[in-house]
Amino acid sequence: MDKYDYINLIVNFLRGNTGNNFQQRIGIVLKEYYKYKKVTYEMPSYLGGDKKNDGWVIEDALFYQIYAPSKNIESVKKDIQKKFAEDLDGLLDN
């Protein structure tokens, strides 16, 4: 398989997932990617309270915010901005 076959497999694995299902699946993808890069990706449990950390690369202190709404929203742009601001404030507080 070539690079584009792998990309297609990843996209198909993620396609159609929302909310926690998407967060779990993207976590699997990121964990494998960072294992290949020889660094540690960790994803806190979304059920136990992730303290606004949807996943992070420990060695680089690189934090992820995962946005995958499970309901229809009126303004995606406003919802993204609101979630980013709230999660960043919460992450910095924690």
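Here the structure is shown first, and the text comes after it.
Report follows, based on the coordinates. Quick caveat, the model's predicted, so the values are computed rather than measured.

## Brief notes about the pattern of salt bridges
- This model, assessed by the stated rule, comprises three salt bridges.
- Salt-bridge contacts for Asp54 lead to Lys83; the nearest nitrogen and oxygen are separated by 3.8 Å. Taken together, the residues span a long stretch of sequence, with Asp54 in the loop between strand S1 (41-42) and strand S2 (56-57) and Lys83 in helix H3 (residues 76-93) at a distance of 29 residues.
- Close ionic contact of Asp87 with Lys83 constitutes a salt bridge, the shortest N to O distance being 2.3 Å. One end of the pair, Asp87, and the other, Lys83, are both in helix H3, four residues apart, so they sit about a helical turn from each other.

## Looking at the environment of Ser45
- Relative to the assigned elements, Ser45 resides in the loop between S1 and S2.
- The spacing of Ser45 and Tyr4 is 41 residues in sequence and 31 Å in space, taken between C-alpha atoms.

## Some words on the packing of aromatic side chains
- Within this structure, the stated rule accounts for five aromatic pairs.
- With a centroid separation of 6.4 Å and 65 degrees between ring planes, the pair formed by Tyr34 and Tyr64 is classed as edge-to-face. Here Tyr34 is found in helix H2 (residues 19-36), whereas its partner Tyr64 is found in the loop between strand S3 (62-63) and H3, with 30 residues between them in sequence.
- Its relative accessible area of 24% is what places Tyr64 among the partly exposed residues.
- Taken together, Tyr33, Tyr34, Tyr41 and Tyr64 form an aromatic cluster joined through their ring pairs.
- A cation over a ring is seen here: Arg25 above Phe13, with NZ or CZ 4.4 Å from the ring centre.

## Description of the packing of helix H1 (residues 3-14) against H2
- Interhelical geometry of H1 versus H2 gives an angle of 160 degrees and a closest axis separation of 9 Å. By the angle between their axes, H1 is roughly antiparallel relative to H2. Helix-helix and strand crossings are classified by hand; for H1 and H2 the assignment is right-handed. Contacts from Ile10, Phe13 and Leu14 of H1 reach H2 at Phe22, Arg25, Ile26, Ile28 and Val29.
- Taken together, the residues of the contact of H1 with H2 sort by class into seven nonpolar, no polar and one charged.

Conventions we followed
Residues numbered from 1 in each chain as written. Predicted model: local features only at pLDDT ≥ 70, side-chain atom pairs only at ≥ 80, totals over all residues. Heavy atoms only, no water. Salt bridge = Lys/Arg side-chain N within 4 Å of Asp/Glu carboxyl O. Helix = DSSP H or I, 4+ residues; strand = E, 2+ residues; numbered from the N terminus. Phe/Tyr/Trp six-rings, centres within 6.5 Å; stacked < 30°, edge-to-face > 60°. Buried < 20%, exposed > 50% of the residue type's maximum accessible area, 1.4 Å probe, protein only. Lys NZ or Arg CZ within 6 Å of the ring centre and 35° of its normal. Axes fitted to C-alpha atoms, helices over the stretch in contact; angles between N-to-C directions. Parallel < 35°, antiparallel > 145°, perpendicular 65-115°, else oblique. Left-handed = near helix turned anticlockwise from the far one by under 90°. Contact = heavy atoms within 4.5 Å. Nonpolar A, V, L, I, M, F, W, Y, C, P; charged D, E, K, R; others polar.

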